[in-house]
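Residue-level listing of the chains:
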Amino acid sequence: MSFDYASARPAAPRPSSFLASLTDSPRPPAPSGVPSVVHDTYDLFLNPVVPITFGLVYFVVAKTLSHYQDGKNRIRGKGWDTVVLLHNIILAVYSAWTFLGTAPHVFGEFWRGFANNGVAGLTHAFCDSDSSVWSATFSKYSYLFYLSKYWEVLDTAILLLKGKKVGMLQSYHHMGAIWTMYAAYVTQAMPVWIFCVANSLVHSIMYSYYACTAVSIPFPRFLKKSITRMQITQFLVGGSLAASYLFIKLPEVPGSGSAAEKARQHLSSASSSFEAGVNAFRQDPATCLRNVGQINAVKLNVAYLIPLTYLFVAFFVRTYRKNGDAAAAAKKASSKAAKAQ
C-alpha cells in the first residue's frame with residue numbers, strides 16, 4: 001500500500017453555509033454497474049432538495065397519520081401478510097448483500113495498511129488517504145445504501161396499516177437516516193463505511209427476524225432484546241468512530257516524503273479542470289477529512305446519533321423493564337396462589 005497524498009490539498013475559503021459546504025464539495029461520479037433507472041435518477045437524488053423535502057414530508061405525514069390512528073382500520077388477510085413478508089425478505093437479503101460487498105473490502109484495506117506500514121499505515125487506510133477504500137465498487141454500494149433509506153420508510157407505512165401508532169423513534173430514525181446518508185455520500189466522507197458496514201449487518205439480522213415473525217415463527221425473548229442491544233451498540237461505537245475522524249492527523253509514512261511537499265508536487269502537475277476543482281476544496285494535507293463538506297457531514301451524523309441513541313435506550317428500558325416487571329409480578333402472584341392451595 002503506497003501513499004502519494006494525491007488527495008491532500010491546501011485549504012480553500014469556507015462555503016457560506018452548512019448546506020453549501022455539502023453541495024459544493026467535489027461530487028462522486030455516478031456509480032457503474034447499477035440498473036439504468038438508478039443511473040438515470042442520479043442527479044435527482046443528489047439534489048439536496050430531494051432528501052430534505054422527502055424527509056420533512058415523511059415526518060409530518062407519519063406523525064399526522066399516527067395521531068389519528070385508532071387501531072380500527074388495520075389491514076388483514078393473507079395477501080397483506082405476504083406483502084409484509086416480502087418487504088422484510090427483500091431488505092434482509094439486500095442488507096446482507098451490502099455487508100458482504102463492503103465489509104471485506106474495507107477491512108481488507110485496513111489490514112493491508114497495517115501490514116505494510118504498521119499503525120501509520122492503518123491510520124492512512126482508516127482515513128483513505130490514497131482513495132483505495134472509496135473505489136468504484138464501494139461508491140456503488142454506498143449510493144445504493146443511501147437509496148435504500150427511502151425504501152425503509154415503508155416500515156412506517158406497514159406499522160400504520162397494521163393499526164399501530166408511530167413513535168418519535170421510528171419517524172426520527174428514518175428521516176435522519178436519509179439526511180445523514182445523503183451528506184456522507186455526496187461529500188465522499190470516509191466515515192460512511194461505518195454506516196454501510198455496521199448498519200447493513202444489523203439490518204440483515206433485524207429484517208430476518210421481522211420476516212420470521214411475519215410468518216409466526218417464535219423467537220426467544222433474549223433474541224429480541226439482543227437486536228435492540230446491537231442497534232444501541234452500533235450507534236455508540238459507530239458514533240465514536242465517526243467523531244474520531246474530526247481529530248485524526250495523518251502521520252508520516254517511512255519513505256513517503258513530506259506531506260506538504262507531496263501536495264505541492266501534485267498541485268504543480270494538476271492538468272484537468274476536475275483536479276483543479278477538487279483542489280479548491282481540500283484542507284490541510286495533515287488532516288483526515290479533506291474538506292469542510294466532509295467535516296460538516298460527519299458532524300451531522302454524530303449530532304443525529306446522539307438523540308437517536310437516547311431514543312433507543314429509552315425504548316429498551318420502557319419495553320423490556322416493563323415486560324420484565326409484569327412477568328415478575330405474574331410469577332409472584334402464581335407463587336402466592338400455589339402456596340395458598
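Residues numbered from 1 in each chain as written. Predicted model: local features only at pLDDT ≥ 70, side-chain atom pairs only at ≥ 80, totals over all residues. Heavy atoms only, no water.

Where an unreviewed UniProt entry is consulted, the chain appears under the name Elongation of fatty acids protein, with the organism given as Rhodotorula mucilaginosa. Note on the chain: under the UniProt heading Sequence similarities (unreviewed entry), the record states "Belongs to the ELO family." Within the UniProt record for the chain, the comment given under Subcellular location (unreviewed entry) is "Membrane". (UniProt positions renumbered as here; feature names shortened; annotations may be inferred.)

Enquirer: Before we go on, may I ask you to explain the side chain of Ser 200 in this structure?
Expert: Secondary-structure assignment places Ser 200 in helix 9 (residues 192–214). One polar contact links the side chain of Ser 200 to the main-chain carbonyl oxygen of Cys 196, over a distance of 2.5 Å. Setting aside its immediate chain neighbours within four residues, Ser 200 contacts Ser 95, Thr 98, Phe 99, Phe 145 and Phe 195. (Helix = DSSP H or I, 4+ residues; strand = E, 2+ residues; numbered from the N terminus. Polar contact = N/O pair within 3.5 Å; in protein donor to acceptor, adjacent residues only side chain to side chain. Contact = heavy atoms within 4.5 Å.)

Enquirer: I tried to follow the UniProt feature "transmembrane region" (unreviewed entry) in the chain on my own but got confused; where do I start?
Expert: In the numbering adopted here, UniProt assigns the feature "transmembrane region" (unreviewed entry) to residues 44–61, 82–100, 182–201 and 300–317. Counting secondary structure, residues 82–100 comes out at 100% helix and 0% strand; the distance between its end C-alpha atoms is 27 Å.

Enquirer: I would appreciate a short explanation of the packing of helix 6 (residues 136–151) against helix 9 in the present structure.
Expert: In a pair of packed helices, the angle between the axes and the distance between the axes together describe the arrangement. Following both chains from N to C, one finds helix 6 and helix 9 inclined at 60 degrees, their axes separated by 10 Å at the closest point. The orientation of helix 6 relative to helix 9 falls into the category oblique. Pair helix 6 / helix 9 crosses with left-handed handedness. Where helix 6 approaches helix 9, its residues Phe 138, Ser 142, Phe 145 and Lys 149 are matched on the opposing element by Val 192, Trp 193, Phe 195, Cys 196, Asn 199, Ser 200 and His 203. (Axes fitted to C-alpha atoms, helices over the stretch in contact; angles between N-to-C directions. Parallel < 35°, antiparallel > 145°, perpendicular 65-115°, else oblique. Left-handed = near helix turned anticlockwise from the far one by under 90°.)

Enquirer: Can you walk me through the nonpolar core in this structure?
Expert: Most often, soluble globular proteins have nonpolar side chains that are buried together. Membership of the largest hydrophobic core comes to 63 residues, with the highest contact counts inside it found for Phe 110, Tyr 143, Tyr 146, Trp 193, Tyr 245 and Leu 308. If you list the elements that add at least two residues to this core, you get helix 4 (49–67), helix 5 (78–127), helix 6, helix 8 (168–186), helix 9, helix 10 (221–244) and helix 13 (292–340). When neighbours within four sequence positions are excluded, Trp 193 is seen to be in contact with Val 106, Phe 107, Phe 110, Phe 126, Phe 138, Ala 198, Leu 241 and Tyr 245. Among the nonpolar cores identified, the runner-up in size contains 6 residues, and Leu 91, Ala 92, Tyr 207 and Tyr 209 belong to it. (Core = buried A, V, L, I, M, F, W, Y, C linked by side-chain atoms within 4.5 Å. Buried < 20%, exposed > 50% of the residue type's maximum accessible area, 1.4 Å probe, protein only.)

Enquirer: Would you mind going over the state of the cysteines with me for this structure?
Expert: The term disulfide refers to a covalent linkage connecting the sulfur atoms of a pair of cysteines. Tallied over the entire structure, the rule returns 1 disulfide. Note that Cys 127 is cross-linked by a disulfide to Cys 288, the S-S spacing being 2.0 Å. Residues Cys 127 and Cys 288 share a disulfide whose torsion about the S-S bond is about -115 degrees; that sign makes it left-handed. One end of the pair, Cys 127, is in helix 5; the other, Cys 288, is in the loop between helix 12 (273–279) and helix 13, with 161 residues separating them in the sequence. The two residues Cys 127 and Cys 288 agree in class, both being buried. (Disulfide = S-S within 2.5 Å.)

Enquirer: For this particular structure, what's the right way to read a nonpolar patch on the surface?
Expert: Together, Leu 86, Ile 89, Ile 90, Val 93, Trp 151 and Leu 154 give the surface a local cluster of nonpolar side chains, amounting to about 530 Å² of exposed area. With respect to the helices and strands, the residue Leu 86 is situated in helix 5. By relative accessible area, which is 47% here, Leu 86 ends up partly exposed. (Patch = residues over 30% accessible without salt bridge, like charges linked within 9 Å, V, L, I, M, F, W, Y side chains within 5 Å. Areas by Shrake-Rupley, 256 points an atom, 1.4 Å probe, with all protein chains shown as cover. Salt bridge = Lys/Arg side-chain N within 4 Å of Asp/Glu carboxyl O.)

Enquirer: Just checking my understanding: could you explain helix 6 for this structure?
Expert: Side chains three or four residues apart in an α-helix point the same way, a direct result of the helix having 3.6 residues per turn. Given a rise of 1.5 Å per residue, 16 residues ought to cover 22 Å, and the 23 Å separating the end C-alpha atoms of helix 6 matches this to within 8%. When you tally the buried positions in helix 6, you get 13 out of 16 residues, the bulk of the element. (Expected span 1.5 Å × (residues − 1).)

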